[in-house]
Every structure is written in structure tokens, then in C-alpha cells.
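Observations on the three-dimensional arrangement
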Amino acid sequence: MAEPQQAPHRNELLRRMSADDLARLQPFLQHCPLDAKATLEAAGARIDVVYFLEDGLGSVIARTLKHGDAEVGFIGFEGMTGSPLVMGVEHATHDCRVQLAGHALRIDAGRFGEVLVASPTLRLFLLRYVHCLHIQTSYTALTNARLKLEDRLARWLLMCDDRVVGSHFSMTHEFLSIMLGVRRPGVTLALQLLEGRGLIRARRGEILVRDRDGLKAMADGYGQPEAEYLRLVGEIGGADRSSLDATTEPGLPEAAR
């Protein structure tokens, strides 16, 4: 009697790594929920767990002592947490928090490190993703310095739209203010501007993307990081994800939180 096949992974890195590397990781991966606002990494603390996101969104957040927090990195089902470990660093530089609830496959950092040592190819593959994340961060710095708030918001909404099934997602003004590093009244005005142009609809903590091309026309900082991910890893949210997004159970044991 043939053994039942395991459901395909929903995380893009797990789907695209070599069969040998996936087989090395597979015994240690555990399915777990990602609760909104949960802290996945804390600045200055040792990284204990690596998360390969399946859905939901995570934010890498930098903070200052006097002026608050701002998002500097963005992670969805195309990526993973724990990128410092790939580069041989055991502690997190920034916080990483869940901004949109979802699910992930988690692996103990010690086990993850053992697999990196055992595999001749896994670190090289994951370094491609880390490179793409660094490019994303550099463009975030560029847009924060040079673009108007509404243009930065358009870029951020496009990045969400790339990683969320469907065209709408839940997001409060308070969390958007942290992501964009501005006060809540500024977020409200920027959302009203985009809505007035017919690009989005914002209602009670939910945002619906109505005109993606219109958002692209505003978001001058969107495109280069995505093109680099496509070149080095693959298309974010490719056409073959449709069958995966209909699957709710990844077929792995659920981890205790």
C-alpha cells in the first residue's frame, strides 16, 4: 500500500530548495499559529526559533530610544525569520513581530544550525533570500527619505498585496503608523488620499486594493527588490499557488507555543 503523499509546502523557500535540503529540515519542522502582535525575535536576544511563514505577515522593526519604532523589513510566505543565523550570527539586531496573523513552520535554531552545517547547499540558497531582504530594506530606507507618505503607503500596500491571498487585509491605523514611522493622523490622511483616487477602500481596519496599477504608478520604490527575488529565488506568489492556498492543513505536527 502506497504511503500518502505530504501536502506541498506553502512557504516559497521550502518549495524551492533542493529535495535533499528539504529532507534534512523536514523531520524538525512543526506547524504553528502566528498570533497578531506576537514577537518572533527580540532585538539583542538570542534567536531560538526560525519561522518559515506560510501565511500572515511579519515585520522587522527598528527602534530608537526617543522617537519610537519603524518597520525596516517585511516577511511573508516568500521568506523566513532568523536570517542572522544564515550569516553566522546568533542574536537578532531588530524586533520581528507578527503584523497579520497566520501560520508558519517552525524549527529550533539549534537544529537549523546543524542542518546548515550538514548541507553543502542550504546556506548558499538561503543567502539568496537574505540578499533580497537586504535589498528590500535598502529601498525602504530610500523611500522613507525621498517619497511622500502616500507614495510610501502605496508601496507598502503593494508588498502586502503580493503576500496576502485575495485583495483585502486587516490593518489598523495604529499598526500602519508603526510600519511607516509616522503619527496616526498622517496615516489617516494618506489612506483618504489613496481612497479618493479610487486606488483602495479603507473600512474599519480593513483595506481593499481596488487599483493595483494605480498604486504602482505612485510607488516609485516598488519593483527592484521584487525583481531580484524573482531572479534569485522565483516569483512571489506564482500562479501555481492557487491550489496551495485552498489547503488549510500542511500535514505537519502542531508545535506547543
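Residues numbered from 1 in each chain as written. Predicted model: local features only at pLDDT ≥ 70, side-chain atom pairs only at ≥ 80, totals over all residues. Heavy atoms only, no water.

Brief notes about the packing of helix α6 (residues 149–163) against helix α8 (residues 184–196)
Look at α6 against α8: their axes get within 9 Å of each other, and the N-to-C directions meet at 75 degrees. By the criterion of interaxial angle, the relationship of α6 to α8 is roughly perpendicular. Residues Leu-149, Glu-150, Leu-153, Ala-154 and Leu-157 of α6 form the contact with α8, whose own contacting residues are Gly-186, Val-187, Ala-190, Leu-191, Leu-193 and Leu-194. Classifying every residue of the contact of α6 with α8 by side-chain character gives 9 nonpolar, 1 polar and 1 charged. (Axes fitted to C-alpha atoms, helices over the stretch in contact; angles between N-to-C directions. Helix = DSSP H or I, 4+ residues; strand = E, 2+ residues; numbered from the N terminus. Parallel < 35°, antiparallel > 145°, perpendicular 65-115°, else oblique. Contact = heavy atoms within 4.5 Å. Nonpolar A, V, L, I, M, F, W, Y, C, P; charged D, E, K, R; others polar.)

Details of the side chain of Glu-150
Residue position: Glu-150 is located in helix α6. One buried charged residue, Glu-150, remains without a salt bridge, the closest side chain of opposite sign being Lys-148 at 4.6 Å. Sequence-distant contacts of Glu-150, that is, excluding residues within four places in its chain, are made with Ala-190, Leu-193, Leu-194 and Met-218. (Buried < 20%, exposed > 50% of the residue type's maximum accessible area, 1.4 Å probe, protein only. Lys, Arg positive; Asp, Glu negative; His and termini not counted. Salt bridge = Lys/Arg side-chain N within 4 Å of Asp/Glu carboxyl O.)

A look at the pattern of salt bridges
Throughout the structure, instances matching the rule amount to 15 salt bridges. The partner of Glu-12 in a salt bridge is Arg-15, with the nearest N and O atoms 2.9 Å apart. One end of the pair, Glu-12, and the other, Arg-15, are both in helix α1 (residues 12–16), 3 residues apart, so they sit about a helical turn from each other. Accessibility expressed as a relative area gives 26% for Arg-15, which makes it partly exposed. With a closest N to O distance of 2.8 Å, Arg-212 and Asp-161 form a salt bridge. With Arg-212 in helix α9 (residues 212–218) and Asp-161 in helix α6, the pair connects residues that are 51 residues apart, well separated along the chain. When its relative accessible area of 25% is taken as the criterion, Arg-212 is described as partly exposed. Taken together, the salt bridges that share partners define one network made up of Arg-63, Asp-69, Asp-95 and Arg-97.

Quick look at the confidence of the model for the protein
The predicted coordinates ought not to be read in detail in places where the model reports low pLDDT. Here the protein averages 88 in pLDDT, while 89% of its residues score no lower than 70. Here residues 1–5 is modelled with pLDDT under 50, and outside its nearest four sequence neighbours on either side it reaches 0 contacts, counting other chains as well. Scored below 50 in pLDDT, residues 246–257 makes 29 contacts in the model with residues more than four places away or belonging to other chains. (pLDDT = per-residue confidence, 0-100.)

Observations concerning α8
Along its 13 residues, α8 runs 18 Å from first to last C-alpha, staying within 8% of the 18 Å computed at 1.5 Å per residue. Among the residues of α8, Val-187, Ala-190, Leu-191 and Leu-194 are the ones counted as buried. Along the long axis of α8, the arc covered by the buried residues comes to 100 degrees, so they all point the same way. For α8, the exposed residues lying more than 90 degrees away from the buried face are Pro-185, Leu-189 and Gly-196. (Expected span 1.5 Å × (residues − 1). Arc of directions from axis to C-beta.)

Section: helix α5 (residues 122–146)
Under the 1.5 Å per step criterion, the end-to-end length of α5 is 37 Å for 25 residues, consistent within 8% with the ideal 36 Å. All of the buried residues in α5 are Leu-122, Phe-125, Leu-126, Tyr-129, Val-130, Cys-132, Leu-133, Ile-135, Gln-136, Thr-140 and Thr-143.

Notes on the packing of aromatic side chains
Taken as a whole and judged by the stated rule, the model has 2 aromatic pairs. On the numbers, 6.5 Å between centres and 65 degrees between planes, the contact of Phe-52 with Phe-112 is edge-to-face. With Phe-52 in strand β3 (residues 49–64) and Phe-112 in helix α4 (residues 109–118), the pair connects residues that are 60 residues apart, well separated along the chain. Overall, the relative accessible area of 0% leaves Phe-52 in the buried class. Classification of Phe-112 as buried rests on a relative accessible area of 0%. Residues Phe-74 and Trp-156 carry aromatic rings whose centres are separated by 5.8 Å and whose planes lie at 90 degrees to one another, so their mutual orientation is edge-to-face. On the criterion of sequence distance, the pair formed by Phe-74 in strand β4 (residues 68–75) and Trp-156 in helix α6 is long-range, its members being 82 residues apart. (Phe/Tyr/Trp six-rings, centres within 6.5 Å; stacked < 30°, edge-to-face > 60°.)

A closer look at a nonpolar patch on the surface
Nonpolar side chains collect at one region of the surface, where Met-87, Val-89, Leu-124 and Leu-127 lie side by side and expose about 350 Å² of accessible area between them. Within the secondary structure layout, Met-87 lies in the loop between α3 (83–86) and β5 (95–108). (Patch = residues over 30% accessible without salt bridge, like charges linked within 9 Å, V, L, I, M, F, W, Y side chains within 5 Å. Areas by Shrake-Rupley, 256 points an atom, 1.4 Å probe, with all protein chains shown as cover.)

Quick notes on the packing of helix α7 (residues 173–180) against α8
Interaxial distance between α7 and α8 falls to 8 Å at its minimum, and their mutual angle equals 100 degrees. Taken together, the axis directions place α7 and α8 in an arrangement best described as roughly perpendicular. Here His-173, Glu-174, Leu-176 and Ser-177 of α7 lie close against α8, whose contacting residues are Arg-184, Val-187, Thr-188 and Leu-191. Of the residues that constitute the contact of α7 with α8, the class distribution is 3 nonpolar, 3 polar and 2 charged.

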